[in-house]
Each structure stands twice: as C-alpha cells, then as structure tokens.
Amino acid sequence: MAENPNPVLAQLGWRPFFSEQVTPEQRGSCQPVRVMSVHRGRVTVSGEGIEDSISSKLPHGDGAEKRPTVGDWLLIDRETRDLVHILDRASLFKRPAPGDQRRVQLIAANVDTLFIVTSCDQDFNVARLERYLVLAGEVGVRAVVVLTKADLSSDADALVEAARALQADLQVELVNGRDPSSANKLARFCGFGQTVALVGSSGVGKSTLVNTLTGSTNIETQPVREDDGKGRHTTTVRQMHRLAPGLDGGGWLVDTPGMRELQMSEVAAGVTEVFDDVAAITLDCKFANCTHADEPECAIRAAMADGQLDPARVDRWRKLAEEDAVNSGAAALRRSRADKGRDRRR
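Residues numbered from 1 in each chain as written. Predicted model: local features only at pLDDT ≥ 70, side-chain atom pairs only at ≥ 80, totals over all residues. Heavy atoms only, no water.

> How would you summarise the overall build of the protein chain if you had to cite specific residues and measurements?
When its secondary structure is counted, the protein chain shows eleven helices and 13 strands. Taken over 346 residues, the protein chain has a buried fraction of 51%. Put simply, 66% of the contacts in the protein chain that link residues at least 6 apart link residues at least 24 apart. Total accessible area on the protein chain stands at roughly 16800 Å², and carbon and sulfur atoms take up 48% of it. (Helix = DSSP H or I, 4+ residues; strand = E, 2+ residues; numbered from the N terminus. Buried < 20%, exposed > 50% of the residue type's maximum accessible area, 1.4 Å probe, protein only. Contact = heavy atoms within 4.5 Å. Areas by Shrake-Rupley, 256 points an atom, 1.4 Å probe, with all protein chains shown as cover.)

Pasting the structure below:
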C-alpha cells in the first residue's frame, strides 16, 4: 500500500503521510477510503472498488475531533465496512460551534489550499478576510483570496490591492465564476490528488464557482438579498467535488456552508503570521506583558503615532488576539472535562 499506491487512491489524494500510518495487520484486514461528504450519523466514502455510505460511528471514539469529517482518510473493515480508524490528518479546519463554546465544529480535513471567496460588493470585508487568513495560517495551508462579481464594483482592482495588502505574498485572483476561461486560472491550485476547500459567506458565488470548475450544474445557487447583499445558505452539506476533466489532472474541491460567524480558537500562531508586522513591533515594547494601552514606552502606540502602523489594523489584531485567548481557554476546559469523563468511564 505504501510502495505502490493504487491509482484510484492516488487520485483521491493518498500519499506516504497516510500510508505510513497503516500497520501490516491493518493492511490485511482494512482498506483506506476517503470521506466525500458528511451527513447525520453517516458519511459517504470513496476508495478502491467502493463508493458507499457507512456509519460514522467510531469504536471507542470520544471527543469532538474523534469523528470523521469531509476529506478524512478512514480505515474500514474489508468485510463489514465498519469504521475502524481515522488516520491522522495532514491538516484540519475547525471552529467553535456557533452558539455553543462547549462543542467544536469540524470543517474539512487534509486540505492543501484554502480558497477564501468574497465578492466585490457589500460582502468585501477586510476583517473577515483576516479571520480566514489566520485560520489558514494556523493550520499551515496555503491561502488564495478569490474575488468574484467584479461587475458589482466600480473599482474591483482597488479591492484586489486591498486584499493583497493584508499579507506578504498573498495570492489574490479576480474571477468571473460563471466563465470557465476565467475560473480556469484557479486550476493550477487543484492538481492531481490535490484538495482545495472553499470558504466564505453565503451568496459570494462559491456554488457557482464549484459548478464552473467541475463542469456541473448540480449545485443549487441563489441570489443575494438586494437590501444588504447577504446571501441565502445554498450549500448545507460539506462535500468534495471532482474537478472537470482536463483541469490539470483533476483535483478535488470541498464546498462548505456559508460561514458569517467565524470565531477564533487556538490560532495564536495564525494571528502572529497574518499580523507579523504588528507582532514584530511588540518585541520593542518596554514590558513583555504590555497591553498597548497606557504603559510607558509602548512600541505599538509609538508606531501608530508616527504612521508606521494603521490603528484600525492594530485594533483588528487586538480583537483577534483577545478572542483567541478567551476561546482557547474554553477549549482547554472542554478537553479537561472530556478527559475526566473518560477517566470516570474506565
């Protein structure tokens, strides 16, 4: 399995990182499959000689991350097709469940590139883009900002530059989601066996983009509301879609439900990466625990005063860092309670 991967598995994204986790015993009794979509209590999977819907119940599974999500690689019993094991993930996107800090919502696993999709209308929001960039930075996945609906802006090029200014070497693409020749410029990120996840608010054109890149019309699209530019949730299930033939060998696209609420948790490294200019200046503060409020010799306040730092950017950095600290504390408490619960059941 490790030396000569089946071409079906290779096309699905199988690589040494996953094969090296499989023991000799498991190679005989189990087969690897990838999760194509997630439903209540079940997942659809694909592998060598199998396309099926199986139970997502994991034996002895306990904890928010001990359940399969779209993009996961699983080992299932060759005879019963029962789920045996979730292989370690090369990457995992997750967030605190909206409205319930006690739970974690898994978004997608084993993603190579994140398309952050936003439109050139009321949805364009620097703070939201930074949140997605922080998420990508924490997970260690390449981010590409995809701007759609250029016809809705009188100066789309200015929005492109505003997005590029958020992070050094950030790739930003302006595309017409309905035009295959325009959308095709994204295909270089979706090579053979590669997985790309699309995130963004509802109504920004993710489903239209997926339809164009996959050469399909199976995904429903809906117009945005004219009064505030907000979209209706078209995608309700996280699902992997095969790229249309001819697009650089055909990788995979993961469409996700629109996420307007994206809370930060355990993303300190991602915050530092996206706001590396701010983080670097904090090192010059007189006090290591400087809050950048009224302490003497605060380098952040000095940098804002002389125009080196944009106060609005510093404010966004401060809010994300504070939000991460609070939510990360809640996550640690959640894990501690889960560990105590497992100990009581032993």
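> A description of the pairing of strand β3 (residues 50–55) should follow, citing residues and the corresponding values.
For a regular strand, the rule is simple: side chains alternate between the two faces of the sheet. Bridge analysis of strand β2 (residues 42–47) against β3 gives six bridges, and the strand direction is antiparallel. Across the sheet, the residue bridging to S46 is E51, located in β3. Counting the residues that bridge the hairpin from β2 to β3 gives two residues, and of these G49 lies at a positive phi of roughly 75°. (Pairing = 2+ DSSP bridges.)

> Any details on helix α4 (residues 126–139)? Residues and values, ideally.
Owing to its 3.6 residues per turn, the α-helix brings residues three or four apart onto one side. For α4, built from 14 residues, the straight-helix expectation of 20 Å at 1.5 Å per residue is met to within 8% by its first-to-last C-alpha distance of 20 Å. For α4, every residue scored as buried is listed here: R128, L129, E130, Y132, L133, V134, L135, A136 and G137. Backbone nitrogen of A127 and a side-chain oxygen of the N-cap are separated by 3.0 Å at the start of α4; the cap is N125. In the stretch just after α4, G140 is the one whose phi turns positive, near 85°. (Expected span 1.5 Å × (residues − 1). Polar contact = N/O pair within 3.5 Å; in protein donor to acceptor, adjacent residues only side chain to side chain.)

> Now, about helix α5 (residues 156–164): what can you tell me, with residues and values included?
Three or more residues of α5 are buried, namely A156, L159, V160 and A163. Take α5 and look down its axis: the buried residues cluster within an arc of 105°, on one side only. Buried residues belonging to α5 abut α4, β9 (142–148) and β10 (171–174). (Arc of directions from axis to C-beta.)

> Explain the nonpolar core to me, and be specific about the residues and the numbers.
Nonpolar side chains in soluble globular proteins generally cluster together in the buried interior. In this structure, L114, I116, V145, L147, F275 and I300 are the most contacted members of the largest nonpolar core, which totals 57 residues. Ignoring anything within four residues of it in the chain, the contact list for I300 reads V278, I281, T282, C285, H292, L309 and V314. By size, the runner-up hydrophobic cluster in this structure holds 17 residues, among which are V146, V196, L198 and L209. (Core = buried A, V, L, I, M, F, W, Y, C linked by side-chain atoms within 4.5 Å.)

> Before we move on, can you summarise the packing of aromatic side chains with the specific residues and values?
In this structure the tally under the stated criterion is five aromatic pairs. Between F17 and F18, the aromatic rings sit 5.2 Å apart at their centres with planes inclined by 85°, giving edge-to-face as the arrangement. For F18, a relative accessible area of 0% corresponds to the buried category. By the ring-pair criterion, three or more aromatic residues cluster together here, those being W14, F17, F18 and W73. (Phe/Tyr/Trp six-rings, centres within 6.5 Å; stacked < 30°, edge-to-face > 60°.)

> A description of the pattern of salt bridges should follow, citing residues and the corresponding values.
For the structure on display, the rule yields twelve salt bridges. R15 serves as the salt-bridge partner of D112, at 3.6 Å between the closest nitrogen and oxygen. Linking D112 in the loop between β7 (104–109) and β8 (113–119) with R15 in the loop between α1 (7–12) and α2 (16–19), this pair joins segments that are 97 residues apart in sequence. Exposure remark for D112: the relative accessible area of 19% places this residue in the buried category. (Salt bridge = Lys/Arg side-chain N within 4 Å of Asp/Glu carboxyl O.)

Purely spatial values, then, with no claim about function.
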